[in-house]
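Per-entry structural report
In case you want the letters, here they are:
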Amino acid sequence: METVVISTVGKEDAGTVMGAELIRNGELVAFPTETVYGLGANGLDGEAVNRIFAAKGRPNDNPLILHIAKKSDVKDLWAHVPKIANTLMDTFWPGPLTLIFNKADCVPYEVTAGLETVAIRMPQDKTARTLIQKAGVPIAAPSANRSGRPSPTTARHVLDDMDGRIPLILDGGPCRYGVESTVLSLVGEPTILRPGAVTREMLEAVIGPVQLAPSILKPLGEREVAASPGMKYRHYAPDAEVYVIEGDPKPVAKRIRTLYYDLEAEGKRTAILGTEQTMPSYRNLNAYSLGDREEPETLCANLFVLLRDTGAENDVILAEGIPTENTGLAFMNRLLRAAGFRRETV
Ligand code: AMP
Ligand code: MG
């Protein structure tokens, strides 16, 4: 199959007529959102949804998110709409917040991986919304990477993973946030299953206390039931081995320099993912800045692109960890999973 890439930059409607037709015909379309690129199919067609799992190599017990173009569409997809959801939708939609609640009968089990709950999001990105609107159906979409790899934040990344596997990629340029949506379960106590750009702090300001799933910063315990099945899989891993070094910037930079020279001596090609604060310590080393430690949103936006690019050319990546407040939590959640939880605090 030939994969066509159509740019939608400056012309959000481009390619969406073709994309909508493909979706209605049960085919797959990769499209930009403000979080990461999604791999979409008709969310009401179980057979079309199964193609997503095949193209990604995704385990079939890992559910997908339904993307909608207008808030009122939730009422057809949820068994009923809880009051708290209305408050959240009014505050954060369109945007990077996915809400989980009991599903309506029309939602196929292929989307929910057999669960009775369904995850729904209304994206902000204009191309995404035009595509969904024109398709006239909710679009089921996970991230558009091969399973286990870092999520794609550019059309180039999607092509690297999906060339020949899907007919169309809509190219809207780099994604604004660069990490996937916050996933908030509204079944029982409001609980964040996956942190994102809509932070716990932002949610609590609107609805009061919000729980964090225990597995956000650590591997899922053997006996722990996976509230979010996706959490149990290897995730976001680039080709290189990733190590996370945490602590104050100065000792972190010192430790990373030592590790770097040791690894180079072993003949391992090594890259450093540093921050603006520590970059001067890495002069003449193979180092890249994730951004300013005081702006975790920037670190999030740069994480996957740097993991992909440096991962392709190196054996080892030494990455700096940051505190887990605000969007720092989303950053550390992705980085620790990319590292398979290899971490050291100095
Ligand atoms: P992705 O954006 O590629 O990570 O895929 C969608 C994510 O949403 C996965 O991590 C899923 O585990 C999560 N998700 C989707 N539906 C549900 C659900 N009903 N319950 C819990 N998590 C869900
Ligand atoms: Mg994913």
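To start, this report covers the structure provided alongside it.

What counts, and where the lines are drawn
Residues numbered from 1 in each chain as written. Chains lettered and ligands numbered in written order. Predicted model: local features only at pLDDT ≥ 70, side-chain atom pairs only at ≥ 80, totals over all residues. Heavy atoms only, no water. Helix = DSSP H or I, 4+ residues; strand = E, 2+ residues; numbered from the N terminus. Buried < 20%, exposed > 50% of the residue type's maximum accessible area, 1.4 Å probe, protein only. Polar contact = N/O pair within 3.5 Å; in protein donor to acceptor, adjacent residues only side chain to side chain. Pairing = 2+ DSSP bridges. Contact = heavy atoms within 4.5 Å. Axes fitted to C-alpha atoms, helices over the stretch in contact; angles between N-to-C directions. 1 Å grid on protein atoms, 1.4 Å probe; cavity = no way out; pocket = protein on both sides within 12 Å on 5 of 7 lines; lining within 4 Å. Points joined across faces, edges and corners; volume = space filled by probe spheres on them. Phe/Tyr/Trp six-rings, centres within 6.5 Å; stacked < 30°, edge-to-face > 60°. Lys NZ or Arg CZ within 6 Å of the ring centre and 35° of its normal.

When you line up the elements, T33 lands in the loop between β2 (29–31) and β3 (38–42). Using a relative accessible area of 3% as the deciding quantity, one classes T33 as buried. Here the side chain of T33 touches T35 through a polar contact of 2.8 Å, side chain to side chain. Within the structure, T33 has its side chain in polar contact with the side chain of R121 (distance 3.2 Å).

Another aspect to go through is the sheet that holds strand β8 (residues 168–171). Here we have 11 strands laid out as an open sheet, ordered β1-β8-β2-β3-β7-β4-β6-β5-β9-β10-β11, and mixed in their pairing. Of all the strands in the sheet, just β1 (4–7) and β11 (211–212) have a single pairing partner and so form its edges. Bridge count for β1 against β8 is four bridges, and the pairing is parallel. The partner of V5 across the bridge, within β8, is I169. Lying over the sheet, helix α7 (residues 155–162) contacts β1, β2, β3 and β8, oriented at roughly 165° with respect to β8.

What follows concerns the sheet that holds strand β15 (residues 316–320). Judged by pairing direction, the sheet is parallel, and its five strands sit side by side in the order β14-β13-β15-β12-β16 without closing on themselves. Here the strands that pair on one side only, and so sit at the sheet edges, are β14 (287–289) and β16 (343–345). Neighbour-to-neighbour, the strand axes of the sheet open up by a mean angle of 20°, direction not taken into account. One ladder, built from five bridges, connects strand β12 (residues 241–246) with β15; its direction is parallel. Bridging across to β15, I245 finds its partner in E320. The strands that helix α10 (residues 296–313) touches are β12, β13 (270–274), β14 and β15; relative to β13, the one it contacts most, it runs at about 165°. Across the sheet, helix α11 (residues 328–338) is in contact with β12, β15 and β16; its angle to β12 comes to roughly 135°.

With that settled, the discussion passes to the pairing of β13. With respect to burial, β13 is a largely interior element, five of its five residues being buried. Side chains T270, I272 and G274 project from β13 onto one buried face, and the interleaved A271 and L273 project onto a second face that is buried too. Inspection of the sheet shows β13 paired to β15 by four bridges, in the parallel sense. The partner of I272 across the bridge, within β15, is L318. Direction of pairing for β13 relative to β14: parallel, over a ladder of three bridges. Note that in β14 the partner of L273 across the bridge is Y288.

Mapped onto the secondary structure, E246 falls in strand β12. Among the residues examined, E246 registers a relative accessible area of 12% and is labelled buried. Within the structure, the side chain of E246 is placed 2.9 Å from the side chain of R343, a separation counted as a polar contact. Ignoring anything within four residues of it in the chain, the contact list for E246 reads V252, G321, M332, R343, E344, T345 and V346.

Quick look at the layout of surface pockets now. By volume, the second largest pocket is sized at about 210 Å³. Lining the second largest pocket are 13 residues; nearest its centre among them are K70, D73, G136, V137 and P138.

Each aromatic ring pair is specified by the distance between its two centres and by the angle formed by the two planes. Taken as a whole and assessed by the stated rule, the structure comprises three aromatic pairs. For the ring pair Y236 and F304, a centre distance of 5.3 Å and an interplane angle of 35° mean the geometry is tilted. Residue Y236 is located in the loop between β11 and β12, and its partner F304 is located in helix α10; the two are separated by 68 residues in the primary sequence. Taking relative accessible area as the criterion, Y236 reaches 4% and is therefore assigned buried. Overall, F304 belongs to the buried group, its relative accessible area being 1%. An angle of 90° between the planes, with centres 5.9 Å apart, marks the rings of Y260 and Y261 as edge-to-face. The exposure class assigned to Y260 is buried, which follows from its relative accessible area of 6%. Positioned above the aromatic ring of Y109, the side-chain terminus of K103 is 4.3 Å from the ring centre. Note that R342 overlies the ring of Y243, its terminal NZ or CZ placed 5.2 Å from the centroid.

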